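These are the residues of each chain, in order.
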Amino acid sequence: MAKVKKQPRPKAETPKGFRDYFGVEVEARRRMLDQIAQVYHLYGFEALESAAVETVEALGKFLPDVDRPNEGVFAWQEDDAKDNKDWLALRYDLTAPLARVFAQHRNDLPTPYRRYAMGPVWRNEKPGPGRFRQFYQCDADTVGAPSVAADAEICAMLSDTLEAVGIPRGDYIIRVNNRKVLNGVMEVAGLSGDDKEAERGIVLRAIDKLDRLGPDGVRALLGQGREDESGDFTKGAGLDDAQADVVMGFMGAKRASGADTVARLNELVSGSDIGAQGVQELETIAELLSAQGYGPDRIEIDPSVVRGLGYYTGPVYEAELTFEIKDEKGRPRQFGSVAGGGRYDDLVKRFTGQEVPATGVSIGVDRLLVALQAKGRMAQTSPGPVIVTVMDRDRMSEYQKMVGELRAAGIRAEVYLGNPKNFGNQLKYADKRASPVAVIEGSDEAARGVVQIKDLVLGAKIAETATHEEWKDQPAQREVARADLVAEIAKMIAANEGQG
């Protein structure tokens, strides 16, 4: 009889471009999202949870890379599909689903509709350092408001949000531009018209890479193309020198004050109606923000902001963190962008046939968490639960009663549920859980109506720094009455938090 071939064991590894998040990271994200939600709620925005899966038809061509209109997503075809249109995909952002939701439920929703959404999105792109195929986004959008007052409000709310989560004023700047201004520049440069759509797309992506590639790199992409350090060649927009000069002049239009920047932009778009309209909208946004106390120390006009997605039709904005961090080679660099958005008046039109004005912002949750870590605004560890150790298996009900009392008082607690034979392993487990306190009650303590409570935080500090005499003066373990268990542990935890 032939020997049955054993099936190889599956590899215990995350798929390429994905990662696992553990307790401290998950809790930190939740806390930050709660803080963001409070600001959004204060501004009158309502929560929305849409499906993680959309039809590819609903997602449309507005994918992260406009050159790959049917790629960039994780998609599959329904088993009972009748044609190639029956495809589903994981959402690649939270904006395209909003357009579908508003179009589907517009008769039941208020207009303007102000919503925020938080959750994971998926992109079928090549992963790299710090670039994952699944990541969290946090969006806020206003649908149905044509006035740029809605754009100004989003910028103000974004400023308040960054400060609420722990990015102080002076460590961030929100930069605002208008795609209509850029369209005017394109018109002046001879790049208007449907036949120039591909070139305009390349120009947009080139400008969006200014921080990374610098002026010379962008200039190369405006021309014939650019070869990177690895030898990969990126085709350029094919502009001649005069056209490239116009675009580069636009990127360098920022001046010392917003008024001077606006004046320079008016010069660059001279002769273009759409460009002049964009400059006027920027002036209005600046006036509205100034009236609310949001000056150029928080929000400024910056022509270099274009945003890469093709669906933006008006004001665009980006939140950049300005403090320095060290890269993987120890070199100082600015942290960079953590949020961006803009006006997209044509996105809902795909479903309704009618133009529906909309504007919104998306925060890169994972990048913002990294920023807070870099600023020391996030705890690297989270206090674990109180561990009730098991000295006598026959008394498990009493141990469970203890944790019940602690939980009723709002104190995290658990009974050790591993093999209790080795008491040292129970304390090692408590250390791994970052537990503040261990509770010990054997038959002797039970007979006397007491418990031992071991202050694991103080014990660790004493072990690191104390002399033998100090150890005796500050015992990390003491005996208390069983009836005082909850009160004594609450005081112990509060004392440690006060010292931390």
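Below you will find a few notes about this structure.

Basis of the calculations
- Residue positions are given per chain, counted from 1 along the sequence in the order it is written.
- Reporting in this predicted model follows two pLDDT cut-offs: at least 70 for local features of residues, and 80 or more for side-chain atom pairs to be given and counted; totals over whole chains, interfaces and linings ignore these cut-offs and use all residues.
- Heavy atoms from the whole structure form the basis of all side-chain values; hydrogens and water molecules are not counted.
- A run of DSSP states H or I qualifies as a helix once it reaches four residues; a run of E qualifies as a strand once it reaches two. Both are numbered from the N-terminal end.
- Using a 1.4 Å probe on the protein chains alone, a residue whose accessible area is under 20% of its type maximum counts as buried, one over 50% counts as exposed, and one in between counts as partly exposed.
- By definition in these notes, contact holds between two residues if any of their heavy atoms fall within 4.5 Å.
- What sets the accessible areas is the Shrake-Rupley method with a 1.4 Å probe; for residues, cover comes only from the shown protein chains.
- We count Lys and Arg on the positive side and Asp and Glu on the negative side, and we leave His and both chain ends out.
- Throughout, a charge is located at the NZ atom of Lys, the CZ atom of Arg, the CG atom of Asp or the CD atom of Glu.
- DSSP bridges decide pairing: two strands pair if at least two such bridges lie between them.
- Orientation is described by lines fitted to C-alpha atoms, with helices fitted over the stretch in contact, and by angles between N-to-C directions that extend from 0 to 180 degrees.
- In the analysis that follows, any N or O atom pair within 3.5 Å is treated as a polar contact, provided that within protein one partner can donate a hydrogen and the other can accept it, and provided that, for residues neighboring in sequence, both atoms belong to side chains.
- Residues qualify for a patch when their relative accessible area is over 30% and they have no salt bridge, like charges being joined within 9 Å and the nonpolar side chains of Val, Leu, Ile, Met, Phe, Trp and Tyr within 5 Å.
- A pair is scored as a salt bridge if a Lys or Arg side-chain nitrogen falls within 4 Å of a carboxyl oxygen belonging to Asp or Glu.
- To be clear, the arc concerns the directions from the helix axis to the C-beta atoms.
- Note on ring pairs: Phe, Tyr and Trp rings are taken, using the six-membered ring of Trp, and paired if centres are within 6.5 Å. Classes follow the plane angle, with under 30 degrees stacked, over 60 edge-to-face and the rest tilted.
- In this description, a nonpolar core means a group of buried Ala, Val, Leu, Ile, Met, Phe, Trp, Tyr and Cys residues linked to one another through side-chain atoms lying within 4.5 Å.

1. Details of the overall build of the protein
Move 1: In terms of regular secondary structure, the protein is built from 18 helices and 18 strands.
Move 2: Expressed along its principal axes, the backbone C-alpha trace of the protein runs to roughly 95 × 75 × 55 Å.
Move 3: Here the protein, with 500 residues, has 47% of them falling under the buried criterion.
Move 4: Put simply, 67% of the contacts in the protein that link residues at least 6 apart link residues at least 24 apart.
Move 5: Carbon and sulfur atoms make up 49% of the accessible area of the protein, which totals about 26,300 Å².
Move 6: Side chains of the protein carry 66 positive and 78 negative charges; the gap between the two charge centres is 6 Å.

2. Remarks on the sheet that holds strand S18 (residues 477-481)
Move 1: If you trace the 5 strands from one edge of the open sheet to the other, you get S15-S14-S16-S17-S18, paired in mixed fashion. For this open sheet the edge positions go to strand S15 (413-415) and S18, each flanked by a neighbour on one side alone. Neighbouring strand axes in the sheet, compared pairwise and without regard to direction, differ in orientation by 25 degrees on average.
Move 2: Across the sheet, helix H13 (residues 396-408) lies against strand S14 (386-388), S15, strand S16 (437-440) and strand S17 (450-455), angled at about 175 degrees from S15, the strand it touches most.

3. What to know about the side chain of Ser 304
Move 1: Relative to the assigned elements, Ser 304 resides in the loop between strand S10 (299-301) and strand S11 (315-326).
Move 2: Under the relative-accessibility criterion, Ser 304 is labelled buried at 12%.
Move 3: A distance of 3.1 Å separates the side chain of Ser 304 from the side chain of Arg 175, its partner in a polar contact.
Move 4: Polar contacts involving the side chain of Ser 304 include one to the side chain of Asp 302, which spans 2.8 Å.
Move 5: The residues touching Ser 304, leaving out its near neighbours within four places in the chain, are Arg 175, Ile 207, Leu 210 and Met 251.

4. A look at a negative patch on the surface
Move 1: A cluster of acidic residues, Glu 57, Glu 78, Asp 79, Asp 80 and Asp 86, forms a negative patch on the protein surface.
Move 2: Mapped onto the elements, Asp 79 comes out in the loop between strand S3 (75-77) and strand S4 (87-90).

5. Quick notes on the environment of Arg 106
Move 1: Position of Arg 106 among the secondary structure elements: in the loop between helix H3 (95-105) and strand S5 (113-122).
Move 2: Considering only alpha carbons, one finds Arg 106 and Thr 352, 246 residues apart in sequence, at a separation of 9.9 Å.

6. Overview of helix H14 (residues 423-432)
Move 1: Looking at H14, one finds that the buried residues are Gln 426, Leu 427 and Ala 430. Buried residues of H14, seen end-on, are gathered within an arc of 95 degrees and therefore sit on one face of the element. Along H14, exposed side chains directed more than 90 degrees from the buried face belong to Lys 428, Asp 431 and Lys 432.
Move 2: Put simply, Asn 422 is the residue that caps the front of H14, since its side-chain oxygen is 2.9 Å from the backbone nitrogen of Gly 424.

7. Digging into the pairing of strand S13 (residues 358-364)
Move 1: Within S13, 6 of the 7 residues are buried, which leaves the element mostly enclosed by the surrounding structure.
Move 2: Bridge analysis of strand S6 (residues 134-143) against S13 gives 7 bridges, and the strand direction is antiparallel. Across the sheet, the residue bridging to Ala 140 is Val 361, located in S13.
Move 3: Here 5 bridges tie strand S12 (residues 332-343) to S13, and the two strands are oriented antiparallel to one another. Looking at the pairing, Gly 342 lines up with Gly 360 of S13.

8. Topic: the sheet that holds strand S2 (residues 53-55)
Move 1: Taking strand neighbours across the sheet as the criterion, the 3 strands line up as S2-S4-S3 in an open arrangement whose pairing is antiparallel. The open sheet has two free edges, formed respectively by S2 and S3, since each of these has just one partner strand. With direction set aside, neighbouring strand axes in the sheet form an average angle of 30 degrees.
Move 2: Two strands pair when backbone bridges link them, and S3 and S4 are joined in this way by 3 bridges, in the antiparallel orientation. Of the residues in S4, the one forming a bridge with Gln 77 is Trp 87.

9. Things to note about the pattern of salt bridges
Move 1: In total, this model carries 26 salt bridges according to the counting rule given.
Move 2: Among the ionic pairs, Asp 151 bridges to Arg 343, the shortest N-O distance being 2.9 Å. Remark: Arg 343 occurs in strand S12 and Asp 151 occurs in helix H4 (residues 149-165); sequence separation between them is 192 residues. With respect to burial, Asp 151 and Arg 343 carry one shared label: buried.
Move 3: Salt-bridge contacts for Asp 444 lead to Arg 448; the nearest nitrogen and oxygen are separated by 3.3 Å.

10. A word on the packing of aromatic side chains
Move 1: This structure, assessed with the given rule, holds 5 aromatic pairs.
Move 2: Look at Tyr 40 and Tyr 116: their rings are 5.7 Å apart centre to centre, the planes differ by 55 degrees, and that puts the pair in the tilted class. Linking Tyr 40 in helix H1 (residues 23-42) with Tyr 116 in strand S5, this pair joins segments that are 76 residues apart in sequence.
Move 3: Its relative accessible area of 12% is what places Tyr 116 among the buried residues.
Move 4: Ring geometry for Phe 102 and Tyr 113: centres 6.4 Å apart, planes at 20 degrees, overall stacked.

11. Brief notes about the pairing of S4
Move 1: In this structure, S2 lies alongside S4, joined through 3 bridges in antiparallel fashion. Note on S4: the bridge partner recorded for Thr 55 is Leu 88.

12. A few points about the nonpolar core
Move 1: Ranked by internal contacts, the top residues of the largest apolar core, which has 75 residues, are Ile 36, Tyr 40, Ile 174, Val 203, Leu 222, Phe 250 and Leu 368.
Move 2: Setting aside chain neighbours within four positions, we find Ile 174 in contact with Cys 155, Leu 158, Ser 159, Arg 298, Ile 299, Glu 300, Tyr 317, Glu 318 and Ala 319.
Move 3: Counting 19 residues, the second-largest nonpolar core is a separate cluster that includes Val 386, Ala 413, Val 437 and Ile 489.

13. Some remarks on the side chain of Thr 161
Move 1: Take Thr 161: it is sitting in helix H4.
Move 2: Owing to a relative accessible area of 0%, Thr 161 belongs among the buried residues under this scheme.
Move 3: Apart from the residues lying within four places of it in its own chain, the contact partners of Thr 161 are Ile 36, Val 39, Tyr 40 and Ile 363.

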